[in-house]
Amino acid sequence: MSKSVVILTGAGISKESGLDTFRDADGIWAKVRLEDVATPEAFQRDPNRVHAFYNHRRDGLMHSNVQPNAAHRALARLEAEWPGDVLLVTQNIDDLHERSGSSKLLHMHGELLKARCLACDAVMEWRSDMSGQSECLHCGAPGGLRVDVVWFGEMPYHMERIYHALANCDLFISIGTSGSVYPAAGFVEEVRRYGRPSAQTVELNLEPSDGASLFHDCIHGPASEVVPAYVEELLETR
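The following paragraphs examine the structure supplied in this document. (Residues numbered from 1 in each chain as written. Predicted model: local features only at pLDDT ≥ 70, side-chain atom pairs only at ≥ 80, totals over all residues. Heavy atoms only, no water.)

1. Observations concerning empty space enclosed by the protein
Cut-off, in case you're wondering: Lining residues are those with an atom within 4 Å of a point, where the points come from a 1 Å grid over the protein atoms alone and group into cavities, where a 1.4 Å probe fits but cannot get out, or pockets, open sets with protein on both sides within 12 Å along at least five of seven lines. Grid points are joined across faces, edges and corners, and a volume is the space filled by probe spheres set on the points. Secondary structure elements follow DSSP: runs of H or I no shorter than four residues count as helices, runs of E no shorter than two count as strands, and numbering proceeds from the N terminus. The classification used treats Ala, Val, Leu, Ile, Met, Phe, Trp, Tyr, Cys and Pro as nonpolar, Asp, Glu, Lys and Arg as charged, and all other residues, Gly among them, as polar.
A complete count under the given rule lists two cavities of 30 Å³ or more for this structure. Lining the largest cavity are 13 residues, and of these S174, G179, A185, V188 and F215 lie nearest its centre. For the lining of the largest cavity, the elements supplying multiple residues, two or more each, are strand 7 (171-175) and helix 8 (187-194). Split by residue class, the lining of the largest cavity holds seven nonpolar, five polar and one charged. Taken as a whole, the second largest cavity encloses approximately 40 Å³ of empty space. Breaking the lining of the second largest cavity down by element, the ones donating at least two residues are helix 4 (47-61) and strand 6 (145-149). In terms of residue count, the dominant contributor to the lining of the second largest cavity is helix 4 (five residues). Its residues assigned to classes, the lining of the second largest cavity shows six nonpolar, two polar and two charged.

Given below as structure tokens:
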């Protein structure tokens, strides 16, 4: 039986593509309070400020200089060439995995280039600025759109599918994540405690995460270097 692989990616994999991380010293939360732009209460209190924050991030993601890097491409290659199941779970709200060719992908924190209507709950592609006057493309209601991103205090997406995959995988790889944001920070422990006894866990990160000691193996360095090298070795020894 071919081995099943689950991969978790965080902001560290996209940093080398020009996107800010959240918890680094110069990251997003060092520049703006998450309570002001990333909670349902913030949106109720000042929707214009929240829209402006995500409009700025959307513009940055769509800049021509922001492109998938070697780590994104290596994971797409792994999906294409691995003989077993590969599931990519990302905390990132960018579309760099899709642009690199990954298709077996779950965005547990939503997607920056999508909008959700609070009136009809429809989700739609959205690449332009959003405002309090924007109309839903499905029901036509004005003023009820928000970015389809999971805010603090909200439940991440796809959790049932993710936990099922973790319980049945043979290899769990965590890439570019701080290991401090739950529930994703608990995935390695989920595999080791409730998964297959033979399941292996690997961290590929710029530096040790908060949960590095929970992994069987850790490889540290820039994602664009360590991820392609690890994928190459994995494919050679499959």
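Read on, since the account is not over.
2. Side note on the pairing of strand 2 (residues 86-90)
The test is simple: Buried means the residue's accessible area, taken with a 1.4 Å probe over protein chains only, is under 20% of the maximum for its type, while exposed means over 50%, and partly exposed covers the values in between. Two strands form a pair only when DSSP identifies at least two bridges running between them.
Within strand 2, five of the five residues are buried, which leaves it mostly tucked inside the rest of the structure. Going residue by residue along strand 2, you find V86, L88 and T90 tucked away on one face and L87 and V89 tucked away on the opposite face as well. Sheet analysis places strand 1 (residues 5-9) next to strand 2, joined by five bridges and oriented parallel. When the bridges of strand 2 are listed, V6 appears paired with L87.

3. Let's talk about the environment of A223
So the rule is basically this: Note on definitions: a residue-residue contact is assigned when non-hydrogen atoms from the two residues lie within 4.5 Å.
Tracing the sequence through the fold places A223 in helix 9 (residues 223-236). The exposure class assigned to A223 is buried, which follows from its relative accessible area of 10%. Not counting residues up to four positions away in its chain, the partners in contact with A223 are G12, I13, E16, A71 and P228.

4. Quick notes on the environment of S128
Of note, S128 is situated in the loop between strand 5 (123-125) and strand 6. Note on S128: relative accessible area 43%, which makes it partly exposed. Put simply, S128 and R58 are 70 residues apart on the chain and 7.9 Å apart in space, counted from C-alpha to C-alpha. Those residues in contact with S128 that sit more than four places away from it in its chain are N55 and R58.

5. Quick word on the nonpolar core
Note the threshold: By nonpolar core we mean a set of buried residues, namely Ala, Val, Leu, Ile, Met, Phe, Trp, Tyr and Cys, connected to one another through side-chain atoms within 4.5 Å.
In terms of nonpolar packing, the biggest core is built from 23 residues, with I7, L75, I173, I175, L204 and V227 touching the most fellow members. Listed by contribution, the elements that provide at least two residues to this core are strand 1, helix 5 (70-81), strand 2, strand 7, strand 8 (200-205) and helix 9. Ignoring sequence-local partners within four residues, the contact set of I173 consists of V5, V6, I7, L8, V202, L204, Y230 and L234. Membership of the second largest hydrophobic core comes to 19 residues, among which are V32, A42, Y54 and V66.

6. Considerations on the sheet that holds strand 1
What counts, and what does not: Axis definition: a line fitted to C-alpha atoms, limited for helices to the stretch in contact. Angles are taken between N-to-C directions and run from 0 to 180 degrees.
Pairing within the open sheet is parallel, and its six strands lie in the order 3-2-1-7-8-9. Edge positions in the open sheet fall to strand 3 (105-107) and strand 9 (217-220), since each of these has one partner strand only. Here the strands of the sheet are splayed against their neighbours by 15° on average, with no regard to which way each runs. Bridge count for strand 2 against strand 3 is three bridges, and the pairing is parallel. Looking at the pairing, V89 lines up with L106 of strand 3.

7. Quick notes on unusual backbone geometry
Here the amide bond leading from Y182 into P183 is cis, since omega sits at 10°, within 30 degrees of zero. Within the secondary structure, P183 sits in the loop between strand 7 and helix 8. Although it is not a glycine, D121 sits at a positive phi angle of roughly 70°. Mapped onto the elements, D121 comes out in the loop between strand 4 (110-117) and strand 5. For H158, which is not glycine, the phi torsion reads 65° and is therefore positive. Checked against the element boundaries, H158 lands in the loop between strand 6 and helix 7 (159-168). Under the relative-accessibility criterion, H158 is labelled partly exposed at 34%.

8. Focus on helix 4
What counts is decided by this rule: Expected span of a helix: the number of residues minus one, times 1.5 Å.
The end-to-end C-alpha separation of helix 4 is 21 Å, in line with the 21 Å expected for 15 residues at 1.5 Å each. Within the sequence span of helix 4, burial applies to V50, H51, F53, Y54, N55, R57, R58 and L61. Contacts from the buried residues of helix 4 go to helix 2 (34-37), helix 3 (40-45), helix 6 (96-100), strand 4 and strand 6.

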